[in-house]
Amino acid sequence: MRFDIISCQPDLLDSPFSHSILKRAQQKNLVEIHIHDLRKYAVNKHGQIDDYAFGGGAGMVMMIEPIDKCISALKAERNYDAVIYMTPDGQTLNQSIVNQFSLLQNIIIICGHYKGVDERVRQQFVTHEISIGDYVLSGGELGAAVLTDAIIRIIPGVLNDESSALTDSFQDGLLAPPVYTRPAEYKGLQVPEILLSGDAPKIEQWRFEQAIERTKQRRPDLLDG
Ligand code: ADE
């Protein structure tokens, strides 16, 4: 799977993709992540990529031309299944959306800044608009990193078996059950007996019940329907 991320602050994206699982996924050739500096497609030699909003008001608007040029250059090389714009007024990200994106081959992600992109970018190029929550970030980069991480970790072969994504919270519509590791007792705090019993079916049943209980208490909305 290939990600092309368009950003005017590409340095912000260096770190998330150079560690741990995301780094390994790239080394295993399961994913390619390419970051594109929007300023390379600036409208003049001063590196301009934004301008004042027509009609007035505070804040700059990202211009259509640099984004058009960058996307056109990418599309000349290959087909894309989705062009995602990270924006607080997009559809709120959840596991089901992540699962659907994980089935695609080539994705472009546009990171917004300032007041966002010229509306014509959204009309012309964008196929999906995604928010990572009801709060406003300084730019779309952190959102793009969140989205990319969530997608990549469920691509088959990325996680090793012991950290399988199938038992993640949300994958079965439930929050994950509590987990414990050694020691079995710490300062009088005990691990539930059942987990030490070696009885796999009973442990499975216990985990399921705990997952339901936790979901009921913390996220009853997930159980609706
Ligand atoms: N850009 C600014 N805020 C954002 C959010 N909440 N989600 C995605 N992109 C954003």
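Because the structure is predicted, anything quoted here is derived from the model rather than measured.

Draft legend 1. Representation of the overall build of the protein chain in the model. Counting secondary structure elements, the protein chain contains six helices and nine strands. Relative to the compact-globule value of 17 Å for 225 residues, the protein chain shows a C-alpha radius of gyration of 22 Å, a clear excess of over 25%. When the 225 residues of the protein chain are sorted by exposure, 38% land in the buried category. In the form shown here, the protein chain has an accessible surface area of approximately 13500 Å², with 50% of it arising from carbon and sulfur atoms. Distance between charge centroids for the protein chain: 4 Å, based on 22 positive and 30 negative side chains.

Draft legend 2. Region of interest: a nonpolar patch on the surface. Among the surface-exposed residues, Tyr-135, Leu-137 and Leu-142 lie close enough to one another that they form a single nonpolar patch of about 280 Å² accessible area. Examined against the element boundaries, Tyr-135 turns out to sit in the loop between β7 (128-131) and α5 (141-152).

Draft legend 3. Broad picture of the domain arrangement of the protein chain. Per the domain assignment, the segments of the protein chain are domain 1 (2-152) and domain 2 (169-223). Look at where the C-alpha atoms of domain 1 and domain 2 centre, and you get two points 37 Å apart.

Draft legend 4. Layout of the site of the ligand. Around the ligand sit Met-86, Thr-87, Pro-88, Ile-130, Ser-131, Ile-132, Gly-133, Tyr-135, Val-136, Leu-137 and Gly-139, and those are all the residues in its vicinity. Contact distances for the ligand include 3.3 Å between a nitrogen atom and a backbone N or O atom of Thr-87. The separation between a nitrogen atom of the ligand and a polar main-chain atom of Leu-137 is 3.0 Å. Notes on the ligand: free accessible area 260 Å², of which the protein chains cover 96%. Mapped onto the shell around the ligand, the elements with two or more residues apiece are β5 (82-92) and β7. Among the elements that make up the shell around the ligand, the one with the highest residue count is β5 (three residues). Per-class residue counts for the shell around the ligand are seven nonpolar, four polar and no charged.

Draft legend 5. The UniProt feature "binding site: S-adenosyl-L-methionine" (unreviewed entry) in the protein chain, seen in detail. Under the present numbering, the feature "binding site: S-adenosyl-L-methionine" (unreviewed entry) in UniProt falls on Gly-112, Ile-132, Gly-133, Asp-134, Tyr-135, Val-136 and Leu-137. Within the local environment of Tyr-135, its side chain forms a polar contact with the backbone oxygen of Ile-132, the two atoms lying 2.9 Å apart. On the secondary structure map, Val-136 appears in the loop between β7 and α5. In this structure Val-136 comes out as exposed when scored by relative accessible area, which is 69%.

What counts, and at which threshold
Residues numbered from 1 in each chain as written. Predicted model: local features only at pLDDT ≥ 70, side-chain atom pairs only at ≥ 80, totals over all residues. Heavy atoms only, no water. Helix = DSSP H or I, 4+ residues; strand = E, 2+ residues; numbered from the N terminus. Rg over C-alpha atoms; globule rule 2.2 N^0.38 Å. Buried < 20%, exposed > 50% of the residue type's maximum accessible area, 1.4 Å probe, protein only. Areas by Shrake-Rupley, 256 points an atom, 1.4 Å probe, with all protein chains shown as cover. Lys, Arg positive; Asp, Glu negative; His and termini not counted. Charge placed at Lys NZ, Arg CZ, Asp CG, Glu CD. Patch = residues over 30% accessible without salt bridge, like charges linked within 9 Å, V, L, I, M, F, W, Y side chains within 5 Å. Salt bridge = Lys/Arg side-chain N within 4 Å of Asp/Glu carboxyl O. Domains from an automatic or database assignment. Near = heavy atom within 4 Å. Polar contact = N/O pair within 3.5 Å; in protein donor to acceptor, adjacent residues only side chain to side chain. Nonpolar A, V, L, I, M, F, W, Y, C, P; charged D, E, K, R; others polar. UniProt positions renumbered as here; feature names shortened; annotations may be inferred.

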